[in-house]
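# Coordinate inspection notes
Each chain is listed here by its residues.
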Amino acid sequence: MTMDAEFYSRVAERFGGYFSDARSTDVFADGRPDAVFDELATALGTPQARLLDVGCADGRSLLRISRPYGAVTGIDLSPSMLECAARYRAEAGLPHVTFELRDAARTGLPDGYADVVTSRRGPLITGEFERVLRPGGVVMYMGIGEQDARELKETIGRGQNFGSWNGRPLADEVARELSDAGFVVTRNQAFRFEEFYHSPDDLNTFLHQVPIVDNYDSAADREAFDRYVAAVSVDQGVRLSRHWFIVQAQKPAAVEPSHP
């Protein structure tokens with residue numbers, strides 16, 4: 001099991017899934033990225049289409065977009081997350097959705113298996129995505145931008161993509177990777193938004209649930225955490241500045257051979 005799988009398994013066991021009850025009020029200046037992602041992915045669904053979701057976690061996000069599709073498969077490396085996903089699927093009554101333990105880099109699925117591949121803050125394996133997509137199929141990727149939670153990471157001294165804010169935008173890197181794999185990029189959209197946690201305890205709970213700060217420890221990181229809270233607290237709560245993006249790309253359709 002990878003470190004990521006271990007992390008998400010701990011989260012599933014502690015919180016019963018990928019989402020905790022940390023309270024926040026969110027302000028979306030550029031629109032809500034999850035809602036935009038859902039709308040785009042849902043619009044691609046048809047009764048004949050197959051959707052593959054990579055890094056499905058507890059499955060709740062996938063279940064939201066699954067109804068228009070004829071068949072849906074979510075894969076993840078965390079058995080605990082997949083157990084949560086199976087429970088949510090049963091509650092939703094969506095038998096056409098399956099959840100499987102598979103490695104995104106080596107799915108073992110057939111060539112041309114899916115019409116749509118989605119990865120929501122999960123892995124981006126362009127070669128494998130290209131292989132499992134049929135010609136004309138679409139990949140949708142939601143990623144964490146280079147400016148995400150920058151002030152928090154600078155205060156604590158580490159974090160997801162630490163220091164990347166000085167380089168090329170991560171969305172552009174993803175678009176380049178997809179282009180290099182033969183895809184045609186059709187969307188590259190950034191989202192900047194603010195989360196205001198209702199108390200320091202809410203933010204503390206949230207940081208245990210997500211990989212924003214690797215190996216976050218309430219005791220060991222207390223001094224830096226308190227400095228951050230003191231610097232960013234406003235009337236709305238404890239501010240956390242977020243930066244996500246969506247990149248969408250299409251695999252070129254098969255070219256019919258010409259006949260003399």
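What you see is a predicted model, and the numbers here were worked out from it, not measured in a lab. (Residues numbered from 1 in each chain as written. Predicted model: local features only at pLDDT ≥ 70, side-chain atom pairs only at ≥ 80, totals over all residues. Heavy atoms only, no water.)

Along the backbone of the protein there are 9 helices and 9 strands. Rg of the C-alpha trace for the protein: 19 Å, near the compact-globule value of 18 Å for 260 residues, within the 12% margin. Expressed as lengths along the three principal axes of its C-alpha atoms, the size of the protein is roughly 75 × 40 × 30 Å. The buried share of the protein, reckoned over its 260 residues, is 49%. If you take every contact in the protein between residues at least 6 apart in sequence, the share linking residues at least 24 apart comes to 71%. For the protein, the accessible area works out to roughly 12,200 Å², and carbon and sulfur atoms hold 49% of it. Charged side chains in the protein number 28 positive and 39 negative. The centres of these two groups are separated by 2 Å. (Helix = DSSP H or I, 4+ residues; strand = E, 2+ residues; numbered from the N terminus. Rg over C-alpha atoms; globule rule 2.2 N^0.38 Å. Buried < 20%, exposed > 50% of the residue type's maximum accessible area, 1.4 Å probe, protein only. Contact = heavy atoms within 4.5 Å. Areas by Shrake-Rupley, 256 points an atom, 1.4 Å probe, with all protein chains shown as cover. Lys, Arg positive; Asp, Glu negative; His and termini not counted. Charge placed at Lys NZ, Arg CZ, Asp CG, Glu CD.)

Among the 12 residues of strand β6 (residues 133-144), 10 are classified as buried, and the element is accordingly described as predominantly covered. The pairing of strand β5 (residues 114-120) with β6 spans 6 bridges and is classified as parallel. Pairing of Ser-119 across the sheet is with Tyr-141, part of β6. With helix α5 (residues 126-132) bridging β5 and its parallel neighbour β6, the resulting β-α-β unit is right-handed. (Pairing = 2+ DSSP bridges. Right-handed = clockwise from strand over helix to strand, strands pointing away.)

Moving on to the environment of Phe-193. The residue Phe-193 is located in strand β7 (residues 184-197) in this model. Classification of Phe-193 by relative accessible area gives buried; the value is 3%. For the pair Phe-193 and Phe-28, spaced 165 residues apart in sequence, the C-alpha separation works out to 4.7 Å. Ignoring sequence-local partners within four residues, the contact set of Phe-193 consists of Val-27, Phe-28, Pro-33, Leu-240, Ser-241, Arg-242 and Trp-244.

This paragraph deals with the pattern of salt bridges. Following the criterion strictly, the structure yields 21 salt bridges and no others. Across the pair Arg-121 and Asp-34 runs a salt bridge, and its minimum N-O distance is 3.4 Å. Taken together, the residues span a long stretch of sequence, with Arg-121 in the loop between β5 and α5 and Asp-34 in helix α2 (residues 33-43) at a distance of 87 residues. Residue Asp-34 is classed as buried on the basis of its relative accessible area of 16%. A salt bridge links Arg-120 to Asp-38; its shortest N-O distance comes to 2.8 Å. Taken together, the positions of Arg-120 in strand β5 and Asp-38 in helix α2 put the pair 82 residues apart, joining distant regions of the chain. Shared partners join several salt bridges into a network, and the residues in it are Asp-34, Asp-38, Arg-64, Arg-120 and Arg-121. (Salt bridge = Lys/Arg side-chain N within 4 Å of Asp/Glu carboxyl O.)

Moving on: the environment of Ser-80. Relative to the helices and strands, Ser-80 resides in helix α4 (residues 79-92). By relative accessible area, Ser-80 is classed as buried at 12%. In sequence terms Ser-80 and Leu-51 are 29 residues apart; their C-alpha atoms lie 22 Å from each other.

We now examine the state of the cysteines. Inspection of every chain in the model, using the stated rule, returns 0 disulfides. The thiol of Cys-56 is not disulfide-bonded; the next cysteine sulfur, from Cys-84, is found 11 Å away. Looking at Cys-84, the relative accessible area reads 2%, which means it is buried. (Disulfide = S-S within 2.5 Å.)

It is at 11 Å that the axes of helix α8 (residues 200-209) and helix α9 (residues 222-232) come closest, and there the two elements cross at 125°. The angle between α8 and α9 falls in the class oblique. When the axes of α8 and α9 are compared, the crossing they make is right-handed. Residues Pro-200, Leu-203, Asn-204 and Leu-207 of α8 touch α9, and the partners they reach there are Phe-225, Tyr-228 and Val-229. (Axes fitted to C-alpha atoms, helices over the stretch in contact; angles between N-to-C directions. Parallel < 35°, antiparallel > 145°, perpendicular 65-115°, else oblique. Left-handed = near helix turned anticlockwise from the far one by under 90°.)

Once that is clear, we can look at unusual backbone geometry. Despite not being glycine, Asn-161 shows a phi value in the positive range, around 55°. Along the chain, Asn-161 turns up in the loop between α6 (150-156) and α7 (170-180). Despite not being glycine, Asn-215 shows a phi value in the positive range, around 55°. A relative accessible area of 62% means that Asn-215 is categorised as exposed.

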